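The residues making up each chain are set out below.
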Amino acid sequence: MASRAFITGLSGLTITPSERAFLREAQPWGLIIFKRNISDPAQIAGLARDFRDAVGWEAPILVDQEGGRVQRLGPPHWPAYPPGAVFSALYDQNPAQGIAAARMGAHLIAADLKALGIDVDCLPLADVPVSEADPIIGDRAYGTEPAKVAAIAGAVAAGLLAGGVLPVLKHLPGHGRARADSHKELPVVDTDRATLEQTDFAAFQPLKDLPLGMTAHVVFSAIDAHAPATTSVTMVREVIRGFIGFSGLLMSDDVSMGALSGTIAERSQAALAAGCDVVLHCNGDLAEMSEVAGVAPELSGAAAERASRALSMRSQGETFDVAEARRIFNAMVA
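Small disclaimer: the values here were computed from a predicted structure and weren't measured. (Residues numbered from 1 in each chain as written. Predicted model: local features only at pLDDT ≥ 70, side-chain atom pairs only at ≥ 80, totals over all residues. Heavy atoms only, no water.)

(A) Summary view of the side chain of serine 252. Tracing the backbone shows serine 252 in strand S11 (residues 249–254). Within the structure, the side chain of serine 252 is placed 3.0 Å from the backbone nitrogen of leucine 280, a separation counted as a polar contact. Every residue in contact with serine 252, bar those within four places of it in the chain, is listed here: Met214, Thr215, Thr230, Ala271, Cys276, Val278, Val279 and Leu280. (Helix = DSSP H or I, 4+ residues; strand = E, 2+ residues; numbered from the N terminus. Polar contact = N/O pair within 3.5 Å; in protein donor to acceptor, adjacent residues only side chain to side chain. Contact = heavy atoms within 4.5 Å.)

Written out as structure tokens, the structure reads:
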């Protein structure tokens, strides 16, 4: 059976019998894990094996492992990593050192994830925050200048790929100007299109060839005043695929977030109709998961090709001295 166009969450540390039956029947394209799914390395590795056994193939397993405030895997079993702002500050002192630290940190994150069977990290961000924005992005960002943000984000993506983990570019086409947290409510950005193209959207253009990307639940009223980018045909076609030129597999941000309205099924249908290749659903609620599965088609056509191309970039990763790299990295970001 072909995979369906959605990525699912799970409720806890192990797969329940009802979840296992759901996974076998619904065939999600991937799994995303959160802190509620995490205990220790052996448990996560077992969960990864069980998920892939349930769906019958080496399906991708995703996590949000940025560092700073957004780090699902942390002490005592995994190191704490710095937020993006640390690499921005290093870049301001010495651009080459900032780029090197960003790449090395991502390579180390990839080594952590690969050992557990996780092969996709929802990173890097290319969001360009402004001073009056909601702090949901804040120090997660790599700066406030599009070229610098793109350079550091590119280094992070390269580090993940070197470690055999696929990067997910987010949040297309930009969450940096949002004055609300899209986890809770729908942000509306009223900035004119020309300014957006010179700043927010420009940061994503050098990263357009990354294998995976995630949309923003943000309305850009100068382009589409009625729908956030996730569910806007205009934003996906004209901006994400058009102006930015993003060519990878496009996933929605979590459709259970407060920014979206309607039932979970309606949200999922709207994201797919707008041009998202797959729907991301994160909260592990089996009833909602079933709603998503009920409207998600089998991956086919261009979406299937983009999915296949992305997965073909998974690798075992480069061999390197993790302990020595961690020592160097810690000294760089101290």
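Text resumes after the structure shown.
(B) Quick peek at unusual backbone geometry. Following leucine 123, the chain continues to proline 124 via a peptide bond in cis, the omega torsion being 15°. Within the fold, proline 124 resides in the loop between strand S6 (120–121) and helix H5 (146–162). The omega torsion across leucine 172 and proline 173 is 0°, close enough to zero to call that bond cis. Even without being a glycine, glutamine 27 presents a positive backbone phi close to 55°.

(C) Structural context of the environment of leucine 10. Among the structural elements, leucine 10 can be located in the loop between strand S1 (4–8) and helix H1 (17–26). Given a relative accessible area of 0%, leucine 10 falls into the buried group. Beyond its immediate sequence surroundings of up to four residues, leucine 10 is in contact with Ile15, Glu19, Leu23, Leu31, Ile32, Arg36, Asn37, Leu47 and Gly284. (Buried < 20%, exposed > 50% of the residue type's maximum accessible area, 1.4 Å probe, protein only.)

(D) View of the pattern of salt bridges. Inspection of every chain in the model, using the stated rule, returns 17 salt bridges. A salt bridge links aspartate 277 to arginine 241, with the shortest nitrogen-to-oxygen separation between them at 3.0 Å. Of this pair, aspartate 277 sits in the loop between helix H8 (264–274) and strand S12 (278–280) while arginine 241 sits in helix H7 (residues 233–243), placing them 36 residues apart in sequence. Overall, the relative accessible area of 6% leaves aspartate 277 in the buried class. (Salt bridge = Lys/Arg side-chain N within 4 Å of Asp/Glu carboxyl O.)

(E) Representation of H1 within the structure. Regarding H1, the residues found buried are Glu19, Phe22, Leu23 and Ala26. Projected down its long axis, H1 carries its buried residues within an arc of 100°, all on one side. Opposite its buried face, H1 presents the exposed residues Pro17 and Glu25, each directed more than 90 degrees away. (Arc of directions from axis to C-beta.)

(F) View of the pairing of strand S7 (residues 166–172). Burial within S7 is extensive, with 7 of its 7 residues counted as buried. Relative to S7, S6 runs parallel, the two sharing 2 bridges. Following the sheet pairing, aspartate 121 is matched in S7 by proline 167. Crossover S6 to S7 through H5 is right-handed. Pairing analysis gives 3 bridges linking S7 to strand S9 (residues 212–215), with the strands arranged parallel. In the strand pairing of S9, leucine 169 is matched with glycine 213. (Pairing = 2+ DSSP bridges. Right-handed = clockwise from strand over helix to strand, strands pointing away.)

(G) Fine view of the pairing of S1. Among the 5 residues in S1, 5 count as buried, and that is most of the element. Neither face of S1 is left uncovered, since the one carrying Arg4, Phe6 and Thr8 and the one carrying Ala5 and Ile7 both have all their residues buried. Between the parallel pair S1 and strand S2 (residues 28–33), the chain is carried across by H1, and the sense of this crossover is right-handed. As paired strands, S1 and S12 are joined by 2 bridges and run parallel to one another.

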